[in-house]
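Below are the chains, spelled out letter by letter.
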Amino acid sequence: MIQAQYPIGQYQFKPYSEEVKNDWLADILFLPQEVENAVLNLDEAQLHTPYRPGGWTLHQVVHHLADSHINAYTRFKLALTEDQPIIKPYDENKWNELADIDAVPINTSITLLHALHARWHSTIKGLSETDWERTLYHPGSKKIMTLWYMLGMYAWHGKHHTGHILYLRNKNNW
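Definitions and limits used
- Residues numbered from 1 in each chain as written.
- Predicted model: local features only at pLDDT ≥ 70, side-chain atom pairs only at ≥ 80, totals over all residues.
- Heavy atoms only, no water.
- Helix = DSSP H or I, 4+ residues; strand = E, 2+ residues; numbered from the N terminus.
- Rg over C-alpha atoms; globule rule 2.2 N^0.38 Å.
- Buried < 20%, exposed > 50% of the residue type's maximum accessible area, 1.4 Å probe, protein only.
- Contact = heavy atoms within 4.5 Å.
- Areas by Shrake-Rupley, 256 points an atom, 1.4 Å probe, with all protein chains shown as cover.
- Lys, Arg positive; Asp, Glu negative; His and termini not counted.
- Charge placed at Lys NZ, Arg CZ, Asp CG, Glu CD.
- Salt bridge = Lys/Arg side-chain N within 4 Å of Asp/Glu carboxyl O.
- Phe/Tyr/Trp six-rings, centres within 6.5 Å; stacked < 30°, edge-to-face > 60°.

**Student:** I'd like a description of the overall build of the protein chain, backed by residues and values.
**Tutor:** Across its full length, the protein chain holds seven helices and two strands. Reading the helices (α) and strands (β) of the protein chain from amino to carboxyl end gives α-α-α-α-α-α-β-β-α. Here the protein chain has a C-alpha radius of gyration of 16 Å; the compact-globule value for 174 residues is 16 Å, and the two agree. The principal-axis extent of the C-alpha atoms belonging to the protein chain is close to 45 × 35 × 30 Å. Of all 174 residues assigned to the protein chain, the portion counted as buried reaches 44%. Counting only contacts in the protein chain whose residues sit at least 6 apart along the sequence, the fraction spanning at least 24 positions is 79%. As presented, the protein chain carries roughly 9400 Å² of accessible surface, and 53% of it is formed by carbon and sulfur atoms. Side chains of the protein chain give 15 positive and 19 negative charges; the mean places of these two sets differ by 3 Å.

Rendered as structure tokens:
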């Protein structure tokens, strides 16, 4: 049974393999088009519907993806250019309450995702197995994370939120 909060399940880490790497890189590359397809032909009332009680609206979900993945891209670049950088956590709920979230149409964030994911994919597609072991420190979770872990997490994250959109569309027969 599909659950509204975790429509694709929770993130499951997988050890490094070329097959998994290629799958996760494809998830990064193709996410913007998947999000664009997921919201196709939804009207403003539908976009301002929460995917679950107490959850974000679909409009907020799309903007969150852009905000989150901007941070992810920056974190990858920091980990590739510095020795175990300490990243800056942010409050995603407060970001989703800022004025731009309501004022800016989602197509702006979708366009941003297309450009961002093209850059991100280009930056990481040729990394070696050793590069994937580079680390960063997340003070919010108090964890050292490898780029490999992060790749899987953000590949999942994009599908997770696209799943929210598709879940609501299916539930409401949109």
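**Student:** So, the pattern of salt bridges: which residues are in play, and what are the values?
**Tutor:** In the structure shown here, the tally under the stated rule is three salt bridges. Residue Glu18 pairs with Lys21 through a salt bridge whose shortest N-O separation is 3.2 Å. Here Lys21 and Glu18 lie together in helix α1 (residues 18-39), a separation of three residues that amounts to about one turn. For Lys21, a relative accessible area of 8% corresponds to the buried category.

**Student:** Lay out the packing of aromatic side chains in plain terms, naming residues and giving numbers.
**Tutor:** In this structure the tally under the stated criterion is ten aromatic pairs. Geometrically, the ring pair formed by Tyr90 and Trp95 is tilted, given 4.4 Å between the ring centres and 45 degrees between the ring planes. By relative accessible area, which is 21% here, Tyr90 ends up partly exposed. Trp95 sits in the partly exposed class, given a relative accessible area of 32%.

**Student:** Report on unusual backbone geometry, specifying residues and quantitative values.
**Tutor:** Even without a glycine there, the phi angle at Asn41 is positive, about 70 degrees. Within the fold, Asn41 resides in the loop between α1 and α2 (44-47). Positioned with a positive phi, Asn173 is a non-glycine residue whose angle comes to about 55 degrees. On the secondary structure map, Asn173 appears in the segment after α7 (147-171). On the basis of relative accessible area, Asn173 is assigned to the exposed category, the value being 71%.

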